[in-house]
Amino acid sequence: MGRRTAPVAAAQTRRPDTAVDRHWRADARRALRYPLAFVGLIMMLDWGAGSLTLPRAGLWTGLGVAILAVFLPSRVTAGDGWLAVRGLMGERRVRTDALITVRRCGVIASDLVLRDAHGGWLELDPHVLETNPLLWHLLDAGARRSLERGTLRHGGQVLQALAERIDGQEARAVFRASGLR
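Calculation criteria
Residues numbered from 1 in each chain as written. Predicted model: local features only at pLDDT ≥ 70, side-chain atom pairs only at ≥ 80, totals over all residues. Heavy atoms only, no water. Axes fitted to C-alpha atoms, helices over the stretch in contact; angles between N-to-C directions. Helix = DSSP H or I, 4+ residues; strand = E, 2+ residues; numbered from the N terminus. Parallel < 35°, antiparallel > 145°, perpendicular 65-115°, else oblique. Left-handed = near helix turned anticlockwise from the far one by under 90°. Contact = heavy atoms within 4.5 Å. Nonpolar A, V, L, I, M, F, W, Y, C, P; charged D, E, K, R; others polar. Buried < 20%, exposed > 50% of the residue type's maximum accessible area, 1.4 Å probe, protein only. Pairing = 2+ DSSP bridges. Core = buried A, V, L, I, M, F, W, Y, C linked by side-chain atoms within 4.5 Å. Polar contact = N/O pair within 3.5 Å; in protein donor to acceptor, adjacent residues only side chain to side chain. UniProt positions renumbered as here; feature names shortened; annotations may be inferred. Patch = residues over 30% accessible without salt bridge, like charges linked within 9 Å, V, L, I, M, F, W, Y side chains within 5 Å. Areas by Shrake-Rupley, 256 points an atom, 1.4 Å probe, with all protein chains shown as cover. Salt bridge = Lys/Arg side-chain N within 4 Å of Asp/Glu carboxyl O.

As recorded in an unreviewed UniProt entry, the protein goes by PH domain-containing protein and comes from Streptomyces bugieae.

Structural data, given as structure tokens:
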């Protein structure tokens, strides 16, 4: 009986092979509410006016699907040396241990654009990394390996600024939890 508990305890303390965005399901449910509310309201108004037909219902449903496509968040996963973003158009993946550039794209809703030495690239919202420490840790560890190998030539300051922001948020959360702030 002692032999069985040791491997089980070791398996429970081991880090998972992959990390996922732990808020994705809630964000996807929230994104689904917008088109459902829109389609439901517009169909009720159309029905109330007596002009709801099968083609118009199909039109409103198609418009609802288009709205869902706009609001549905991408699913971010990471593992040792890789990061992937899955959206409606498929999955993009980069080797974080072979990054060549990291840059911010956009002004108001700025995304991170990562490119690796193998031609892979992806774009993701930095908020996903801020709210998922394990995803951030895996990206940061891979980026550090890229720096050590000399492949990451552009964007180290972008990652440093993001690290300072995430570390500051974590420190403030610790202070709040301990009652110091």
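(A) Examining the packing of helix α2 (residues 24–48) against helix α3 (residues 54–71) more closely. Remark: α2 packs on α3, axes separated minimally by 8 Å, with the N-to-C direction vectors making an angle of 160°. By the angle class used here, α2 and α3 are roughly antiparallel. Considering the relative orientation of α2 and α3, their crossing is right-handed. Contacts from Ala31, Leu32, Tyr34, Pro35, Phe38, Val39, Ile42, Met43 and Asp46 in α2 reach Arg56, Ala57, Trp60, Thr61, Leu63, Gly64, Ile67, Leu68 and Phe71 in α3. When grouped by side-chain class, the residues that make up the contact of α2 with α3 number 14 nonpolar, two polar and two charged.

(B) Summary view of the pairing of strand β7 (residues 121–124). Of the two faces of β7, only one is covered, namely that formed by Leu122 and Leu124; the face formed by Trp121 and Glu123 stays uncovered. Direction of pairing for strand β6 (residues 111–116) relative to β7: antiparallel, over a ladder of four bridges. Residue pairing in the sheet places leucine 114 in a bridge with leucine 122 of β7.

(C) Geometry of the nonpolar core. Of all hydrophobic cores here, the largest spans 25 residues; its most connected members are Leu83, Leu114, Leu124 and Leu129. Discounting chain neighbours no more than four positions away, the residues touching leucine 83 are Val76, Thr77, Ala78, Arg92, Arg93, Val94, Thr96, Leu114, Leu122, Leu124 and Leu139.

(D) Broad picture of the side chain of aspartate 97. Position of aspartate 97 among the secondary structure elements: in the loop between β4 (90–95) and β5 (99–105). For aspartate 97, a relative accessible area of 11% translates into the label buried. At 2.9 Å, the side chain of aspartate 97 forms a polar contact with the side chain of arginine 95.

(E) How the structure looks around the UniProt feature "transmembrane region" (unreviewed entry) in the protein. UniProt records the feature "transmembrane region" (unreviewed entry) for residues 31–50 and 62–85 in the present numbering. A helix fraction of 90% and a strand fraction of 0% characterise residues 31–50, whose end C-alpha atoms lie 29 Å from each other. Between the first and last C-alpha atoms of residues 62–85 the distance is 25 Å; the span itself is 42% helix and 38% strand.

(F) Representation of a nonpolar patch on the surface within the structure. A cluster of nonpolar side chains, namely Tyr34, Val70 and Phe71, defines an oily patch on the protein surface of about 340 Å² accessible area. A relative accessible area of 43% means that phenylalanine 71 is categorised as partly exposed.

(G) Looking closely at the sheet that holds β7. What the three strands build is an open sheet, ordered β5-β6-β7; its pairing is antiparallel. At either margin of the open sheet sits one strand with a lone partner, and together these are β5 and β7. Each adjacent strand pair in this sheet contributes to an overall mean axis angle of 15°, direction not counted.

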